[in-house]
Amino acid sequence: MQAKYFLIPIVVILTSFFYFPFVFTFFPAANTKMMLAACGLVMLFFNLGKTRTGFIDKDFFLISLLALGVSAASFTTMVLNNTTDNSYLSYIVSMWVWVGAAYFLVNVIKAVHGKVTVELVCFYMIAVGALQCLLAFSMVLYAPLKDFVDSFLAGEGFMGKFEGRLYGIGCALDVAGGRMAVLLVMIAFLLPQMAGKGKPLRYIVPLVVAYCIIAVIGNMIGRTTTVGMLLSLAYLAFVLFSDKVIGEKDRKTITGWLAGFVAGAVIVLTVLYNVSDPWHKYLRFGFEGFFSLAEKGRWEVTSNTMLMQGLIFPDNLKTWIIGDGYMSGMANDLYYQGPLWYGFYMGTDAGYSRFLFYFGIVGLGIFMAFMAKVCSVCMKRFVKYKYMFLTILLLNCAIWVKVSTDIFLAFAPFLCFGMADSCRDDDMQETSEV
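This structure is a prediction, so every number in the text was calculated from the model and none was measured.

(A) Examining the packing of aromatic side chains more closely. What the rule picks out here adds up to 37 aromatic pairs. Look at Y358 and F359: their rings are 5.1 Å apart centre to centre, the planes differ by 50°, and that puts the pair in the tilted class. Judged by relative accessible area, which is 2%, F359 ranks as buried. Here the aromatic rings of F414 and F417 are separated by 5.8 Å at their centres, their planes lie at 35°, and the arrangement is tilted. The same class applies to F414 and to F417, which are both buried. In textbook terms, an aromatic cluster arises when at least three aromatic residues are bridged by ring pairs, as seen for Y88, Y91, Y352, F355, Y358, F359, F367, F370, W400 and F408. Positioned above the aromatic ring of W98 is the side chain of K33, whose terminal nitrogen or guanidinium carbon lies 4.2 Å from the ring centre. Above the plane of the ring of F285 lies R223, whose end atom (NZ or CZ) is 4.2 Å from the centre.

The following block contains the structure:
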């Protein structure tokens, strides 16, 4: 039992390697997600040899076919438009790498805890999100810590360093914001389940604390976190003002702890906003819309203005159907003869617009079908958490209005519950009831 507590920090680190992958300065050949996937492949062959059971079930086969369809749509638009932009050509490979990394993580969690459940996976992901937030702001306040992280964190962008913005280890920009948003949704759905266990100090308090940390600092890292905050608050409001989900006693328990911590957080943040320059700066950035609403009487966010300008759509039938074959710009296109544009094609960063211009409504439709199928499989396997997975799917669709990143990785660990030795039949039955 004591050995387990020494292994838990290792599982937390591995979860961070999976959920927020990055590249080491001393090993630039692969990011941490790819390393975990390689370990997962070795573990898969070991489990197959030991149990002699199959790895791919019908659901996973159909998911893989749809991922292959996304790659096929990318290949088709490249061929028909004579371009070299292969942004989604290897999506089937990317999907399998995510699953391979998740497979290894799920097996490690089971090895440490003796079982793997929906709650366990969510707890680890939430813990990593909260720790990343604390690390990101600590790096602003303590320069030696930032120097240490920068010494092994390679690159720039969402997996690397991004000066002028908060970042953690592989945790930056809207990509991190989307993943933080998922964690807020998970917390909202875990709270009602944990209230019934009768141990608020053990379950509810850490979840509420994590929610406050991620909601505040997560927005400072990437304001896409706001989408998850709004969805999670909407569900919590439904739970707390309805008697259809949990009993009155449990509602009072959640309401009391949530109200107390939120009130405390507001007081603390108000003080920090007025006495600390870093907190003042990043709070205004993370909650720009709320400050604008309070000071100007209207919701006004710089990124939202850019988004409205970037929501543009094709002006011809061919592009609507198969796209133009450009997503990342034309700077690296060997066949393009016009002026070079090193930004996004058509100057838009809006997700739906970029997908349409890249591989048209055909590719976008296949991609949406892929995400819907992934969600459907998770809903079918874990009935009590089906609305959590549905909300994560809705979150993904909402995020695509702003950026083109997807959050398949949030579903990936739950797809691995029935694979080989990661979970046996009794575990699947247990997780379907939690």
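(B) Just helix α4 (residues 91-113), in detail. Between its first and last C-alpha atoms α4 spans 33 Å; for 23 residues at 1.5 Å apiece the expected length is 33 Å, and the two agree. The buried fraction of α4 is high, at 17 of 23 residues. In the stretch just after α4, G114 is the one whose phi turns positive, near 85°.

(C) Layout of the side chain of T32. Within the secondary structure, T32 is located in helix α2 (residues 32-51). Owing to a relative accessible area of 1%, T32 belongs among the buried residues under this scheme. In terms of polar contacts, T32 uses its side chain to reach the backbone carbonyl oxygen of F17, at 2.9 Å. The contact partners of T32, leaving out residues within four places of it in the chain, are F17, F20, P21, F22 and F24.

(D) Quick peek at the pattern of salt bridges. Summed over the entire model, instances satisfying the criterion amount to 6 salt bridges. Close ionic contact of D59 with K373 constitutes a salt bridge, the shortest N to O distance being 3.6 Å. Of the two residues, D59 sits in helix α3 (residues 58-81) while K373 sits in helix α15 (residues 351-381), which places them 314 residues apart along the sequence. K252 serves as the salt-bridge partner of E248, at 3.4 Å between the closest nitrogen and oxygen. Separated by 4 residues within a single helix, E248 and K252 lie in helix α10 (residues 248-275), roughly one turn from each other. What makes K252 exposed here is its relative accessible area of 57%. In this structure, a network of salt bridges that share partners links the residues D59, K373 and K380.

(E) Focus on the side chain of R223. Checked against the element boundaries, R223 lands in the loop between α8 (204-221) and α9 (225-240). Given the relative accessible area of 14%, R223 is considered buried. A polar contact is formed between the side chain of R223 and the backbone oxygen of F285, at a distance of 3.0 Å.

(F) Focus on the packing of α8 against α9. At a minimum axis separation of 9 Å, α8 and α9 run at an interaxial angle of 145°. You can see that α8 and α9 cross each other, and the crossing is left-handed. Contact with α8, carried on its side by Y211, I214, A215, G218 and N219, involves T225, T226, M229, S232 and L233 of α9 and no other residues of that element. Within the contact of α8 with α9, the residues separate by chemical class into 5 nonpolar, 5 polar and no charged.

About the criteria used
- Residues numbered from 1 in each chain as written.
- Predicted model: local features only at pLDDT ≥ 70, side-chain atom pairs only at ≥ 80, totals over all residues.
- Heavy atoms only, no water.
- Phe/Tyr/Trp six-rings, centres within 6.5 Å; stacked < 30°, edge-to-face > 60°.
- Buried < 20%, exposed > 50% of the residue type's maximum accessible area, 1.4 Å probe, protein only.
- Lys NZ or Arg CZ within 6 Å of the ring centre and 35° of its normal.
- Helix = DSSP H or I, 4+ residues; strand = E, 2+ residues; numbered from the N terminus.
- Expected span 1.5 Å × (residues − 1).
- Polar contact = N/O pair within 3.5 Å; in protein donor to acceptor, adjacent residues only side chain to side chain.
- Contact = heavy atoms within 4.5 Å.
- Salt bridge = Lys/Arg side-chain N within 4 Å of Asp/Glu carboxyl O.
- Axes fitted to C-alpha atoms, helices over the stretch in contact; angles between N-to-C directions.
- Left-handed = near helix turned anticlockwise from the far one by under 90°.
- Nonpolar A, V, L, I, M, F, W, Y, C, P; charged D, E, K, R; others polar.

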